[in-house]
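Each chain is listed here by its residues.
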Amino acid sequence: SRGYKVLEASHGPDALTLLEEHDEIALLITDLVLPLMSGEKVREQALRIRPKLPVLIVTGFRHSVPHKDDITGYLGKPFAIQELLQAVEQLLTRRPPDPKTSV
């Protein structure tokens, strides 16, 4: 409803394949805990493919956020759809994160 085109992957390696096949991907959203490959590993591999790609990592483990930088955002579970949209828009426009919605 916000005009974003969403591509879905069932696990990390599939997400990396989609990233290689679709130059138009502007943001990667991943969970921290995934089958086959951690979200942090997906982020690391994705940034090798596209070094400036913004990445949003969703996690239920607020105490274990690995790091923060200008292209990585974290969103703690549970969250409302509005919080997800705000985090996406912040990363896409490179605005500083709102402490209420960021881990």
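A. Layout of the layout of surface pockets. Estimates place the volume of the largest pocket at around 980 Å³. In terms of lining, the largest pocket is formed by 30 residues, of which the most central are V6, L7, L27, L28 and I29. Where the lining of the largest pocket is concerned, the elements lending two or more residues are α1 (12-21), β1 (28-31) and α3 (81-93). By residue class, the composition of the lining of the largest pocket is 20 nonpolar, five polar and five charged.

B. Structural detail: helix α2 (residues 39-49). Those residues of α2 not exposed but buried are G39, E40, V42, R43, A46 and L47. One side of α2 holds all its buried residues, which, seen down the axis, span an arc of 155°. Among the structural elements, α1, β1, β2 (55-59) and β3 (72-76) are those in contact with the buried residues of α2.

C. Up close: the sheet that holds β3. Here three strands make up an open sheet; going across it, the order is β1-β2-β3 and the pairing parallel. Two strands bound the open sheet, and with one partner strand each, they are β1 and β3. Each strand axis lies, on average, 25° off the axis of its neighbour in the sheet, ignoring direction.

Calculation notes
- Residues numbered from 1 in each chain as written.
- Predicted model: local features only at pLDDT ≥ 70, side-chain atom pairs only at ≥ 80, totals over all residues.
- Heavy atoms only, no water.
- 1 Å grid on protein atoms, 1.4 Å probe; cavity = no way out; pocket = protein on both sides within 12 Å on 5 of 7 lines; lining within 4 Å.
- Points joined across faces, edges and corners; volume = space filled by probe spheres on them.
- Helix = DSSP H or I, 4+ residues; strand = E, 2+ residues; numbered from the N terminus.
- Nonpolar A, V, L, I, M, F, W, Y, C, P; charged D, E, K, R; others polar.
- Buried < 20%, exposed > 50% of the residue type's maximum accessible area, 1.4 Å probe, protein only.
- Arc of directions from axis to C-beta.
- Contact = heavy atoms within 4.5 Å.
- Pairing = 2+ DSSP bridges.
- Axes fitted to C-alpha atoms, helices over the stretch in contact; angles between N-to-C directions.

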